Amino acid sequence: MVEDALETRDAMLELLTAEGYQASAAANGFEALSLLEKGERPSLILLDLFMPVMDGWEFCRQLAARPALSEIPIAIVSATGQDRPLPERKSDAGHFRKPIDLVSLLNTIRRHCN
C-alpha cells in the first residue's frame, strides 16, 4: 500500500491483515521504490496518486523503467480520477475512487494475491 494519509494507510493495512494477507506500506512512491529495490515483491501494489516526495505518476514511471519490477500489478486507489495518464502498463489492476468500494477492491486483491 502506497498512501500518504496515515489513517487511510493504517486502516487498509488492518483490513488486509484481517483478510489474511501479508501487507506493508509506504508513505510515498520514493519509500515504496526503496522497499522494492531491497527485494520486496508484492503480488499487487495499491497506489495513491497524490502524494508528497514522489507521486503515483512518477512512481509508475520509475517502476516501468525497472524490468524486474515493471510487471507488478498496480491498483490505483485515489480520491480523484486519473487527471493525467499513467504510463502504459500490461499489468494494471484497476482504478478505485475514494471512498473505496471495499467489496470491489477485495475482489481485485483476491484475483492477484491468491
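Counting restarts for each chain, with residues numbered from 1 along the sequence as it is written. Only residues with pLDDT of at least 70 are given local features in this predicted model, and only at 80 or more are side-chain atom pairs given and counted; all residues enter the totals for whole chains, interfaces and linings. With hydrogens and water excluded, all non-hydrogen atoms of the structure serve as input to the side-chain values.

**Looking at the pairing of strand β2 (residues 74–78)**
Basically, it comes down to this: Each residue is placed in one exposure class: buried if its accessible area under a 1.4 Å probe, protein chains only, is under 20% of its type's maximum, exposed if it is over 50%, and partly exposed if it falls in between. Secondary structure elements are defined from DSSP: runs of H or I of at least 4 residues count as helices, runs of E of at least 2 residues count as strands, and each element is numbered from the N terminus. Criterion used throughout: strands pair if DSSP finds at least two bridges between them. Whether a crossover is right-handed comes down to one check: with the strands pointing away from the viewer, does the path from the first strand over the helix to the second run clockwise; if it does, it is right-handed.
The buried fraction of β2 is high, at five of five residues. Residues Ile-74, Ile-76 and Ser-78 of β2 are buried on one face, and the alternating residues Ala-75 and Val-77, pointing to the opposite face, are buried as well. Where strand β1 (residues 45–47) meets β2, three bridges bridge the pair, whose relative direction is parallel. Within β2, the position partnered with Leu-46 by the bridge is Ala-75. Handedness of the crossover is the feature at issue here: the chain leaves β1, passes through helix α3 (residues 56–64), returns alongside β2, and the resulting connection is right-handed. Sheet topology note: the β2/strand β3 (residues 92–97) ladder contains five bridges and is parallel. Counted as the bridge partner of Ile-76 is His-95 from β3.

**Section: α3**
Rule in force here: Arc definition: directions from the helix axis to the C-beta atoms. Any pair of N or O atoms that falls within 3.5 Å is considered a polar contact. Within protein, one atom must be able to donate a hydrogen and the other to accept it, and sequence-neighbouring residues count only if both atoms are side-chain atoms.
Taken together, the buried positions of α3 are occupied by Gly-56, Trp-57, Phe-59, Cys-60 and Leu-63. With its buried residues spanning 160° around the axis, α3 presents them on a single face. With a side-chain oxygen lying 3.1 Å from the backbone nitrogen of Trp-57, the N-terminal cap of α3 falls on Asp-55.

Geometric values such as these leave the question of function open.
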